[in-house]
Amino acid sequence: MQKMAELLGLGDECREGTPEAPATAGSCLADNRLNLDVYPDGCRWFLQLFERRRGEVVQVEFLRLSSNDHLLGTTLGILPHLKHLKSLVLKGGHARDEFGSCQLGSLTSLPPDIGNLRCLTHLDLSFNSLSTLPSCILHLPSLCVLLVSHNSLVALPKNFGSLSKLTFFSAMKNQLKDLPQSIGELAVLQNLDLSENALEFLPEEVGNLHNCTELDLSGNRLSSIPDSLANLKSLRRLHLHSNLLVTVPASLASLPNLSRLDLQNNCLRAVPPEIQTSPFVHLRGNPLGETEPSPQADESSAGELRRLFLPSGEDSFTVTSEGCKVVLACGIRFYFPPGAASDPLQIYFRTLAPDPQCVKLRHHDVLLSRVLELQPHGVKFQQVQIWMPYASPQTLHQREVVVRTFSGQNWSDLSTRVKQKRKSKKHMAHCSVLHFSWFLVVSRLVQNECKVPTEGTLLFSSVDPNIKVTFPPGVTEETRNVKLQVLPISAEEIEEITADAGCRASPLLCLSQDSLVDFLRPVRIQLPLPPGVTGLNLDQSRLHLLHGDLEGKTWDDITSQVVLEFTHIYAVFEVTHFSWYWLWYTTKTYVGGIAKKVYERLRMYQVNFIALQRKRDPEQVLLQCVPKHKVDPVLKKLQDRYQGPEPSDMVEMFEGEQFFAAFERGISIDMDRPDCVDGRLSFIFYSHLKNMKEIYVTSPVDRKGQAVKGQVSFYRAAVPDSIPEDASRRRKGPDSLWLATLPIKLPRLKPRWGENRGPPNGFSFPPLNLGNAETGYLTQTNLLSIARRVGADWQTIGLNLGLTYQQIERIGYNNREDLDKQILDMLFSWAQQNSEDPDCVSKLITAMKESGRQDIADEVETIIELGQQKYRESIRRVGLEQESSTEDSATAMM
């Protein structure tokens, strides 16, 4: 007794009995269980108990100790005395370093006598420093569960298969390079986790694990897998993602019980059709789309597929039974395999600006593309493939990119693969579709999903594997689909929003299902404790479990309604229905209000407004709403051609929120613009799309004698109900939606032509129409309107239209000192030369875009679109009149 006391450094205190430590340690000894891993001095307490209550300690069946304890070595020598021990946990990871990472335990070996624990069935040595598997483990005759994850193992013993009763083995996160052949002798093994190692090949004997239901080989260096895996008839889940696989056996698709085959993020360029068409196979992140591999076999037999490259201005193409590949000017690509259409079919397409009225983004979604519409709607095909370019979500982490489509009633997400083209660096989203409608690309929170059968299952987050949802047997009568999403939130974000360093929150968990019926039995949820909070320092009075509705408008504290269980890093609770769940650690009383404010802030973007004028033509004004982190790069890109005031103060906006720009104090715009509502320009804010417009402004004020000092103001369309009060710069009265104001100055100018929409005196042209009735005309009046907006860019535009330098110089010399005549001469000279060219209008649009005049290109496209609509309406009216006259004639004859 004295020797042990001296070893523990307790001196006379221990010999006489210390009132606190022995009593506390003794309270942990109950029902043959001793859980000391959550205490910093757990081994010290164990040694005290062994000295004082040896008879009880040797009867312990379940023991948990931390291998971060400095007295672990002394404690290991006593463990062989616990002959009744069934479960032994010697895990590290209970301590964390200054960066918050788990510190590995000091365990490097086990005493040989540990092999004499004949009752031991469960052994957990995770998060330690083992470089070899202790040999004594192979002598444990009853061992069923062995966990050695997060160690430094480079190999397993050759006779590892001698663990004949092993049903669960996890060696995740080690350095294993190969496996012994004897692994095939583990006849009753059901779960094998070898993920995140350095395996380069698998022995054929792996195919002898006939009782294995889940095999995880993800995160290794496998370039191939043995055909013998097809012998695992009991296998339900096979994880092979994040390897170097270039091929997989087609026989995997025939496994009778397989419900998930994860092949994501490999090097697969060709996949057997049996696997590619299986609903349980996941192939995202493979280079399959780079060469459109699926049609290769068909192309070799049916000849090279027809390729169509459609220039700007075209809106349709024809698909025949032979199939084709189509590339649009905007970068969108299609692949129609042979036989996709039985008869020739005309396909119409167009890209549209997203309208919040029909494009309903979910919370935390980010729009990455315009809307693609394909007609005829609802026409079914066989695996037509689409590649859509999208804005790179460089600032979005722990998210995934998907193509979303509209079915006529609601939007749904398609299975999507993404890649970056090597030459152009463009990001492409690739998916297969069975019918045509509307399509767009969004970034969403990573979504993990599974089917919940009557026997129950386990679902965990791939963003944070510490978040788990356990469905017990009998939880449902019919199989239902469950989805899980996680929004990680840093401690810095919480502190910045709440201005309280004591506030902490866990990741935000969203659970949803396809059934309206609550679960029949409670579902068990595990969430990590907020950062900096552990079982050692937890003050349960400060911990709150919040439940939010699916819109995040209300957050209710349900701490008193559930039973919260705690480990050193987790909180566990049970529910019967799904929604948002959030753990908060704070001294504040009204936690729901704080959570609501934080949630709303997390959905908002900090933005600045920009109003710049062209240096060579101040009447051209560029307006843009820019996320705060992009302001400096945008200004640097524009500074050579534009000038203006500093950006506005920072404001906050939601993704997909509408706002308006109004020109005030003597400045006006064309009220007939389609995006003009009550004299204000309409915008929709999307954080990863260009919220930019270039507008030609005028002034009703006489500018012959003085400049006009006006302004442009930005207003919300409406203040959303959920916006934080302090995020809206409210004014009293009619300007309560005001966001920001920037100055606009129009310099004093000499009198210009155009007040009556006619050419200047002494300047006339014969009647002129460009285009045709079907595609839409540009009339002389339209050209005059365009000329008024060209300004000092006329030479660049003329060169891009195809005029020679000599022509440009002659026009400038003949009309020297008169900018208006220079513009008219250039534009109408080109029009006269190209009036018979059917593509002259599209060439004009292209020239404007190449000259940096997207505003004029948009105006021309709007004019042409209106002309096309009028032409189609006239054709319909004529057709109806003819049909009506035919009916009248028939009636008269009768």
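**Concerning the packing of helix 13 (residues 794-801) against helix 15 (residues 819-834)**
- Packing of helix 13 against helix 15 leaves a shortest axis separation of 10 Å and a crossing angle of 10 degrees. Looking at the two axes, helix 13 sits roughly parallel to helix 15. Here helix 13 contributes Trp794, Ile797, Gly798 and Leu801 to the contact with helix 15, which in turn contributes Leu819, Gln822, Ile823, Met826 and Trp830.
- Considering only residue class, the contact of helix 13 with helix 15 consists of seven nonpolar, two polar and no charged.

**Re the confidence of the model for the chain**
- For the chain, per-residue confidence averages 81 on the pLDDT scale, and residues scoring 70 or more make up 84% of the total.
- Within the chain, the lowest mean pLDDT, 34, falls on helix 8 (residues 296-302), and the highest, 95, falls on strand 7 (residues 168-170).
- Contacts of residues 289-303 to residues separated by more than four positions or lying in other chains number 24 contacts, the stretch itself having pLDDT below 50.

**Describing the pairing of strand 3 (residues 62-66)**
- Both strand 2 (residues 33-35) and strand 3 contribute to a ladder of three bridges, which runs parallel. By the bridge assignment for strand 3, Arg33 is matched with Phe62.
- Relative to strand 4 (residues 87-91), strand 3 is paired through five bridges, and the arrangement is parallel. Across the sheet, residue Ser66 finds its bridge partner in strand 4, namely Lys91.

**Concerning the sheet that holds strand 47 (residues 738-746)**
- Spatially, 43-44-42-46-47 is the arrangement adopted by the five strands of the open sheet, whose pairing is antiparallel. Where the open sheet ends on each side, the last strands, each with one partner, are strand 43 (676-677) and strand 47.
- Relative to strand 46 (residues 708-716), strand 42 (residues 657-664) is paired through six bridges, and the arrangement is antiparallel. Pairing of Phe663 across the sheet is with Val712, part of strand 46.

**Quick look at the sheet that holds strand 27 (residues 457-460)**
- One open sheet accounts for five strands, arranged 27-28-32-36-35; its pairing is antiparallel. What marks the edges here is a single partner per strand, and that holds for strand 27 and strand 35 (565-566).
- For strand 28 (residues 468-471) and strand 32 (residues 523-528), the ladder comprises three bridges, and the chain directions are antiparallel. Among the inter-strand pairings, Val469 is bridged to a residue of strand 32, identified as Ile525.

**Some details on unusual backbone geometry**
- Backbone torsion omega between Gln375 and Pro376 reads 5 degrees, so that peptide bond is classified as cis.
- Within the element layout of this structure, Pro376 appears in the loop between strand 19 (371-375) and strand 20 (380-390).
- Although it is not a glycine, Phe127 adopts a positive phi angle of roughly 55 degrees.
- Its location among the elements puts Phe127 in the loop between strand 5 (122-124) and strand 6 (145-147).
- The phi angle at Asp678 is positive, at roughly 55 degrees, despite the residue not being glycine.
- Overall, Asp678 belongs to the exposed group, its relative accessible area being 79%.

**Looking at the environment of Glu455**
- Within the secondary structure layout, Glu455 lies in the loop between strand 26 (447-452) and strand 27.
- Along the sequence, Glu455 and Phe471 sit 16 residues apart, while their C-alpha atoms lie 8.4 Å from each other.
- Setting aside anything within four residues of it in sequence, one finds Glu455 in contact with Pro472 and Pro473.
- A polar atom in the side chain of Glu455 sits 3.2 Å from the side chain of Thr454.

**Some points on the side chain of Ser648**
- Among the structural elements, Ser648 can be located in the loop between strand 40 (642-643) and strand 41 (651-654).
- Ignoring any residue separated from it by four or fewer positions in sequence, one finds Ser648 in contact with Asn608, Phe609, Ala740 and Leu742.

**Considerations on the pairing of strand 24 (residues 427-435)**
- For strand 20 and strand 24, the ladder comprises eight bridges, and the chain directions are antiparallel. Across the sheet, residue Met388 finds its bridge partner in strand 24, namely Ala429.
- Of the pairings in the sheet, the one linking strand 23 (residues 417-420) to strand 24 comprises four bridges and is antiparallel in character. Paired with Lys419 across the bridge in strand 24 is Met428.

**Here's the deal with the packing of aromatic side chains**
- In total, this model carries 20 aromatic pairs according to the counting rule given.
- A centroid spacing of 5.8 Å and a plane angle of 35 degrees characterise the contact between Phe317 and Phe334, whose relative ring orientation is tilted. In this pair, Phe317 is assigned in strand 14 (residues 316-319) and Phe334 in strand 16 (residues 333-336), connecting sequence segments 17 residues apart.
- Assessed through its relative accessible area of 4%, Phe317 is described here as buried.
- Aromatic side chains Phe573 and Tyr581 sit 5.8 Å apart centroid to centroid with 50 degrees between the ring planes, which places their arrangement in the tilted category.
- Here the aromatic residues Phe317, Phe334, Phe336, Phe349 and Phe436 are joined through ring pairs into a cluster of three or more.
- When the ring centre of Trp387 is taken as origin, the NZ or CZ atom of Arg333, which lies over that ring, is 4.8 Å away.
- Between Lys693 and the ring centre of Phe683, over which it is positioned, the NZ or CZ distance is 4.8 Å.

**Overview of the packing of helix 13 against helix 16 (residues 840-850)**
- Packing of helix 13 against helix 16 brings their axes to within 9 Å, and their N-to-C directions diverge by 135 degrees. It follows from the interaxial angle that helix 13 and helix 16 lie oblique. Between helix 13 and helix 16 the crossing geometry is right-handed. Counting all contacts with helix 13, which are made through Ile797, Asn800 and Leu801, the residues of helix 16 involved are Lys843, Leu844, Ala847, Met848 and Glu850.

**Regarding the environment of Gln526**
- Summarising the element assignment, Gln526 is placed in strand 32.
- For Gln526, a relative accessible area of 17% gives the class buried.
- Taking C-alpha positions, Gln526 is 7.3 Å from Asn466, a pair spaced 60 residues apart along the chain.
- Setting aside residues no more than four positions away along its own chain, Gln526 makes contact with Asn466, Ile467, Lys468, Tyr570, Ala571 and Val572.

Procedures and definitions
- Residues numbered from 1 in each chain as written.
- Predicted model: local features only at pLDDT ≥ 70, side-chain atom pairs only at ≥ 80, totals over all residues.
- Heavy atoms only, no water.
- Axes fitted to C-alpha atoms, helices over the stretch in contact; angles between N-to-C directions.
- Helix = DSSP H or I, 4+ residues; strand = E, 2+ residues; numbered from the N terminus.
- Parallel < 35°, antiparallel > 145°, perpendicular 65-115°, else oblique.
- Contact = heavy atoms within 4.5 Å.
- Nonpolar A, V, L, I, M, F, W, Y, C, P; charged D, E, K, R; others polar.
- pLDDT = per-residue confidence, 0-100.
- Pairing = 2+ DSSP bridges.
- Buried < 20%, exposed > 50% of the residue type's maximum accessible area, 1.4 Å probe, protein only.
- Polar contact = N/O pair within 3.5 Å; in protein donor to acceptor, adjacent residues only side chain to side chain.
- Phe/Tyr/Trp six-rings, centres within 6.5 Å; stacked < 30°, edge-to-face > 60°.
- Lys NZ or Arg CZ within 6 Å of the ring centre and 35° of its normal.
- Left-handed = near helix turned anticlockwise from the far one by under 90°.

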